[in-house]
Amino acid sequence: MSSPQSSGRFSRFLEALETWIRKRLPMEMGWPHTLWFLLTFLFLVQASTGIILWMFYSPSTQTAWESVFYLQHKVPGGWLIRGIHYWSAECMVVIAALLVMLGVWFKVCSERVIRDHYLALCLAMITLALAMTGYLLPWDQHGYWSAKIRTHLMGLTPIIGSSLERLMLGGESMGHLTLTRFLAFHAGLLPVLFWIVLRLRSKSIASTSHSTLRGSHRPYWPRQAWSDTLYAGLLGWGILILAWQPWSDTLDVSLRGAPLSAPVDPSAPYPSARPEWYFLFLFQFLKYFPGNLEIVGAILIPSLILSWLVVLPWLGKGSVLWRTRRPILAALAGGIIWLSIEAIQEDRRNETYQLARSQAKTVSLRARELAMSMEGIPTGGALTLLQEDAKTQGPRLFAAHCASCHRFQGHDGLGNPLQDPPSASDLSGFGSRAWITGLLNPQQIQSPQYFGGTAFIEGEMTRFTQRKIGHFDQNQEAALRDVINILSAEAGLPSQQNLEGDQAQWRSLDRDELFYEIGCTECHPFHFEDDELQAPDLTGYGSREWLISFISEPESSRFYGEQNDRMPSYRTEDILTEKEIGLIVDWLRMQ
Amino acid sequence: MTSSQPQPSDSGAQDGGFEPVSRRGFLHVLALLTTLGGFLGSLLVACLRALLPSTGSPSSSGSTSYLKVTQLDKLPADGIPRSFQIIADHWDAWNRHANQPIGMIWLCHRPDGEILAWSRTCPHAGCLIQLARSQDHFQCPCHNSRFEIDGSRSHENSPSPRDMDRLEVEIRYQDQIWVNFIRFKSGISEQESMLRS
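Worth saying up front: this structure is predicted, and the values here are computed from it rather than measured.

## Observations concerning the confidence of the model for chain B
Residues and elements named next belong to chain B. For chain B, per-residue confidence averages 81 on the pLDDT scale, and 81% of positions sit at 70 or higher. Confidence, expressed as mean pLDDT per element, reaches its minimum in chain B at strand β12 (residues 193-194) with 78 and its maximum at strand β4 (residues 115-119) with 94. The low-confidence segment residues 1-18 (pLDDT under 50) makes 22 contacts with residues lying over four places distant or belonging to another chain. With pTM at 0.85, the complex prediction returns an ipTM value of 0.77.

As structure tokens, this is what we get:
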């Protein structure tokens with residue numbers, strides 16, 4: 001067994017490998033060794049995929065999401081690398097937790113096992129820290145809000161709390177410095193610590209297999225070596241499948257791999273924020289500690305459990321804590337599982353949360369759609385795309401400023417049902433043929449969808465509709481249909497472009513004659529000016545310009561004038577900017 | 001190998017030997033190749049694919065890339081080369097920068113009416129070629145490649161492996177100078193174009 005006295009690096013590596021293979025393990029070292037081996041394997045996978053991710057990553061609030069988006073959607077195979085990194089991290093958390101728990105369950109007190117226990121505990125802590133820092137790096141809504149909540153909880157720690165929070169965030173709030181700091185933790189400091197723990201552990205095995213070679217030891221080669229590597233291979237395939245998601249029905253592979261929600265928007269609430277699945281139990285647990293008691297659930301009890309794990313092997317076999325370790329561990333594991341299930345069940349029953357989740361998903365897909373465009377992402381970041389997107393901002397602004405009176409398809413624009421009955425019309429499809437037809441229907445005009453909740457419920461328009469339109473004969477009804485089509489064409493809605501493509505059909509009609517015949521122009525100006533007429537001007541009715549002017553100042557003589565019900569003048573009273581009104585209008589007209 | 005390491009035969013255990021196991025070993029190797037080998041192989045392929053930059057960026061549209069450089073009246077027909085910027089949209093990974101300077105050229109309007117264009121990038125190592133103060137030849141400041149006023153190398157043993165890179169010029173809409181802007185690989189004697197980025 002004499003190797004040539006070569007001083008080459010490679011031969012030294014071979015020697016180390018041979019020592020590793022030739023080592024002898026204590027009899028009870030089967031599964032713990034496999035778990036340690038798997039962690040080493042996953043660490044190497046994480047290091048190699050992590051370096052690739054690092055090559056594409058740009059840590060700043062205007063480029064983090066954008067660079068991850070680029071990797072996920074534009075770089076061939078990028079989604080798979082992200083996927084492997086993401087799912088390996090999930091597996092690492094599970095295996096590290098298993099290592100600690102199984103260790104406490106099965107181990108006996110010996111010097112070596114105590115050392116292993118502490119090493120496993122350190123490794124589990126480092127793994128959690130790696131997962132938590134890594135989760136924020138894509139700078140997407142999901143990672144941001146869970147990190148925000150977590151650092152808030154960290155800040156609850158007595159005495160050092162706020163310093164700890166500042167240390168993590170690199171300032172008072174999350175920003176550029178949080179990302180650079182988290183990247184340094186995630187890709188620099190923590191992996192080095194992880195590697196040190198792995199080295200200490202393999203040293204610890206080497207020393208025991210050298211010092212105590214008795215009957216209770218068995219060789220590593222070949223059985224344990226084969227099973228370790230085989231498990232690693234199977235785990236690798238499991239990760240590949242989780243990243244590949246063959247069950248997913250999306251054709252676009254770049255939607256697979258690892259999730260990427262919308263870019264961070266600190267200004268808007270994010271009600272679908274949830275921690276990673278392995279922290280769901282803690283999230284659920286905190287619900288039982290309202291207000292000032294939060295610190296008990298967030299800091300005190302987790303610290304107690306951690307200290308229990310720390311002092312446990314120290315106490316020796318005789319102590320009460322040691323003898324009761326299995327029931328306590330079973331209770332803890334059961335509690336964690338029960339709380340996790342409870343959290344999932346509660347969310348499933350929570351309609352508000354489900355709605356928020358689907359909204360978040362819509363925004364994520366929209367962000368992706370906008371960022372994919374040939375215009376590229378502006379240097380200000382992908383958030384500006386969303387902030388200037390009518391499809392995203394329209395419903396938000398509508399919910400915030402309009403939905404206290406108006407409705408959109410019966411909801412607040414975002415899909416939330418509202419308790420109070422509407423006190424103004426439902427604006428979905430405003431200006432379309434269907435909408436105007438409904439308004440001019442004697443049965444519908446007084447419904448809450450139109451004037452039911454407004455001061456106009458008994459107004460001129462209602463009276464006109466019920467007394468006159470209600471008694472129309474067939475010819476007049478045909479004329480009314482023409483009037484509706486002509487009026488609706490004023491809006492120039494994109495959805496009616498096909499219907500209105502052939503303008504010739506109206507050219508033959510005498511517009512003024514028709515409107516006069518039906519009676520519209522008795523009150524409404526329509527392509528003429530008449531200061532005597534009190535009702536809103538129908539010229540350009542429902543068009544972008546008409547709507548913006550209307551929302552800006554419904555009290556203007558062009559619209560309701562003195563008859564205006566309760567609608568604020570959004571622009572002249574400086575409630576909304578012209579840009580915001582434009583976003584609402586563009587969104588309304590999109591439907 | 002340290003001398004303290006005991007011989008495998010000393011341990012007394014039956015499967016303590018280090019000899020490769022024959023048939024069972026073969027099955028083991030097969031299992032390993034399909035699982036661990038398959039995983040590591042896929043990982044390697046994915047990493048390599050991601051790292052090799054993709055050709056054909058969003059801006060490379062069509063085979064020619066004529067760009068408007070300047071107006072005819074900005075280029076007097078005195079035979080003196082003048083430097084112009086090439087302005088185009090520039091993609092940088094996820095960002096698109098509109099109307100950015102993406103390169104520089106020399107334009108020369110000869111008294112006989114012919115307009116010549118060269119890339120300002122030196123074919124040797126990619127520095128920007130300058131016009132000598134005497135305005136009768138070009139000089140690269142990095143390694144002293146010298147080119148005549150017609151873009152050819154001044155002497156055989158010039159550091160530059162080829163003459164200055166000529167670019168095609170077109171006059172469009174009567175008075176606009178358009179140039180087919182191409183980047184060429186430096187350091188080789190043949191002209192080989194690189195994809196625009």
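And the narrative resumes.
## Examining the sheet that holds strand β10 (residues 176-180) of chain B
Pairing between the strands of a sheet comes from backbone hydrogen bonds, and it takes one of two forms, parallel or antiparallel. All names here are of chain B. Ordered in space as β1-β10-β9, the 3 strands form an open sheet in which the pairing is antiparallel. Unpaired on one side and paired on the other, β1 (66-71) and β9 (169-172) mark the two borders of the sheet. Each strand of the sheet is rotated relative to its neighbour by a mean of 35°, with strand direction disregarded. Where β9 and β10 come together, 4 bridges link them in antiparallel fashion. Bridging across to β10, Ile171 finds its partner in Ile177.

## Some remarks on the sheet that holds β4 of chain B
Residues and elements named next belong to chain B. Reading across from one edge, β2-β3-β4-β8 is the order of the 4 strands in this open sheet, with antiparallel pairing throughout. Across the chains shown, the open sheet's two edge strands, defined by having one partner strand only, are β2 (82-92) and β8 (166-167). Note that strand β3 (residues 95-109) and β4 share 5 bridges and pair antiparallel. Paired with Leu107 across the strands is Ala117, a residue of β4.

## Quick word on the domain arrangement of chain A
How big an interface is tends to be reported as the loss of accessible area on association of its parts. Residue and element names in this part refer to chain A. Entries for chain A in the domain assignment read domain 1 (27-212 + 223-273 + 350-379), domain 2 (277-345) and domain 3 (391-590). With 12 residues of domain 1 in contact, the opposing surface of domain 2 contributes 14 residues. Examining the composition of the side of domain 1 that touches domain 2, we find that 5 residues originate from one element, helix α4 (residues 78-106), more than from any other. By residue class, the composition of the side of domain 1 that touches domain 2 is 10 nonpolar, 2 polar and no charged.

## Brief notes about unusual backbone geometry
Residue His527 of chain A is not a glycine yet carries a positive backbone phi of 60°. A count of 13 C-beta atoms within 10 Å places His527 of chain A in the partly exposed class. Phi is positive for Asn99 of chain B, which is not a glycine, with a value near 50°. Here Asn99 of chain B shows up in strand β3.

Thresholds, definitions, all that
- Residues numbered from 1 in each chain as written.
- Chains lettered and ligands numbered in written order.
- Predicted model: local features only at pLDDT ≥ 70, side-chain atom pairs only at ≥ 80, totals over all residues.
- pLDDT = per-residue confidence, 0-100.
- Helix = DSSP H or I, 4+ residues; strand = E, 2+ residues; numbered from the N terminus.
- Contact = placed C-beta atoms within 7 Å.
- Pairing = 2+ DSSP bridges.
- Axes fitted to C-alpha atoms, helices over the stretch in contact; angles between N-to-C directions.
- Domains from an automatic or database assignment.
- Nonpolar A, V, L, I, M, F, W, Y, C, P; charged D, E, K, R; others polar.
- Buried ≥ 20, exposed ≤ 12 C-beta atoms within 10 Å, placed from the backbone.

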